Each structure stands twice: as C-alpha cells, then as structure tokens.
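Understanding the architecture of this molecule
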Amino acid sequence: MTSIITGDIIKSRQATNEELWLTPLKSALAQITTDTNFYDIYRGDSFQLECTTIEDSFRNAVYIKACLKSVKKLDVRMSIGIGTKDYQGDSVSESNGEAFIYSGETFETLKKDKQNLKIKTKDKVLNKEINLYFRLALIAMDNWTVNSAEIVKLSLEHPNMIQVELAKIIGISQDAVSKRQKRAYLDEILDLDRLYRQKISQL
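What this report covers is the structure whose coordinates are included nearby. These numbers come from a predicted model, not from an experiment. (Residues numbered from 1 in each chain as written. Predicted model: local features only at pLDDT ≥ 70, side-chain atom pairs only at ≥ 80, totals over all residues. Heavy atoms only, no water.)

The next point concerns the sheet that holds strand 4 (residues 76-83). Strand order in the open sheet formed by five strands is 2-3-1-4-5, and the pairing between neighbours is mixed. One side of each edge strand has no neighbouring strand; the edge strands of this open sheet are strand 2 (39-42) and strand 5 (117-120). Taking each pair of neighbouring strands and ignoring which way they run, the sheet shows an average axis angle of 15°. Strands in contact with helix 2 (residues 57-69) are strand 1 (2-9), strand 3 (46-51), strand 4 and strand 5; relative to strand 4, the strand with the most contacts, it is inclined by about 165°. Helix 5 (residues 124-141) contacts strand 4 and strand 5 of the sheet and is inclined by roughly 170° relative to strand 5. (Pairing = 2+ DSSP bridges. Helix = DSSP H or I, 4+ residues; strand = E, 2+ residues; numbered from the N terminus. Axes fitted to C-alpha atoms, helices over the stretch in contact; angles between N-to-C directions. Contact = heavy atoms within 4.5 Å.)

Pasting the structure below:
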C-alpha cells in the first residue's frame, strides 16, 4: 500500500513569475522527503508526491497547502489516492498502480466539484466520510491568510515546540501565536489528522 498526492497550483497562469510558487513548492516537497525519487514537478505548476507511510498523506497535504498559502494569492488543489503500487519506475510519475490511478482520477474531478482536497481508496464508504471531513476542513484552510498559513507551516515543522518557542522564531508574542493558531483552526485540523490516521490504518 502506498499513497499518492497529485496536485497543481490554482490560477498559476495569472502569476507573473513562476518562482513565486515553484520555490515554496520545492521547499515543501523537500521538507516532506529528502529522496527526490518520491516526488516530481511537471508542467511547471503540477506535482506528484508518494507518501510511503499512508497515514501521513493528509498531514503532508495540509503542510503543502500551508507552504503555498504562505505566499499571498497562492493556493493549491490536491487529490490523495491510497492503494497498491504495482510498478516501480525511475520516478514517481513513471510508477503505476491503484494508488496512482485513484489519485489521477480524483484529481480530474476537483475543478468540477469545486473542492480543493479529495481522497479515493477502494473503500467507498470511507471515501464518502473522509471527503465530507475534508470539505468541512477546507472552510478554514481555503480561507487561511498568509499569517494563518505561516503559523500552520511552522507548527507542523516543529510539532513539539510550545507557543513561546514558535513566537521566538517569527518574532511575535506568544499571545499572537495563540491567536493565529486559533484563526487557522489548527487544533481542529490536528484532531482531523488523528482521526484520519485511525481510519486509514484500517485499510
């Protein structure tokens, strides 16, 4: 079993400089895995990432979104496919299997469904349940400000740090960190991550 995230940058053609999204995207993917065989960036604004630990897939998607939304006017749409990996190519885009097909099929539905994060597994009941959770979470995530996205990014990079330590990194008060985390609905998103891990581990 593996997990594939397929994504692209929303409204990338309206940006004047490709580096605007390419730099944070590359940084996000490199933070998730140091092995470049596990991700590909293609067509300039599209990417695929293999999460070898399937339970990490939602957290990785949240982290990628936080990195992109840390840049003003940027956002990303992503699909998660979880299933078998039947062929190992030289790169993630050359590999194949259930997870790749599920991710690709679901990615094609994102624009039509106007939902920026969806999942597909072999379990249709689970898909329906988790996609409802995603829709609710996206009410917060799609509306993150740059400050909200930055604090989510930092909190995920340093999960064991307390607010005072996070405050020192970005030069704001502990109270400001607390307010930003609340506005980002970070606690609720982390609760969803815990529930997601529990559900996905049963596949």
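Put simply, helix 2 and helix 5 touch, their axes get as near as 12 Å, and they point 25° apart. Compared by their axis directions, helix 2 and helix 5 come out roughly parallel. For helix 2 against helix 5, the interelement crossing comes out right-handed. Two secondary-structure elements touch here, helix 2 through Phe58, Val62, Lys65 and Lys69 and helix 5 through Phe134, Leu138 and Met141. Here the residues of the contact of helix 2 with helix 5 sort into five nonpolar, no polar and two charged. (Parallel < 35°, antiparallel > 145°, perpendicular 65-115°, else oblique. Left-handed = near helix turned anticlockwise from the far one by under 90°. Nonpolar A, V, L, I, M, F, W, Y, C, P; charged D, E, K, R; others polar.)

Using the criterion set out here, one finds three aromatic pairs in the structure. On the basis of an interplanar angle of 25° and a centroid distance of 6.1 Å, the ring pair of Phe134 and Tyr196 is categorised as stacked. Highlighted residues: Phe134 in helix 5 and Tyr196 in helix 9 (residues 186-200), separated in sequence by 62 residues. Assigned by exposure class, Phe134 and Tyr196 land together as buried. Grouping aromatic residues by their ring pairs yields a cluster made of Phe58, Phe134 and Tyr196. (Phe/Tyr/Trp six-rings, centres within 6.5 Å; stacked < 30°, edge-to-face > 60°. Buried < 20%, exposed > 50% of the residue type's maximum accessible area, 1.4 Å probe, protein only.)

Inspection of the secondary structure puts Ser46 in strand 3. At a separation of 3.1 Å, a polar atom in the side chain of Ser46 contacts the side chain of Arg43. If we ignore the near neighbours within four places in the chain, the residues touching Ser46 are Gly7, Asp8, Asp40 and Ile41. (Polar contact = N/O pair within 3.5 Å; in protein donor to acceptor, adjacent residues only side chain to side chain.)

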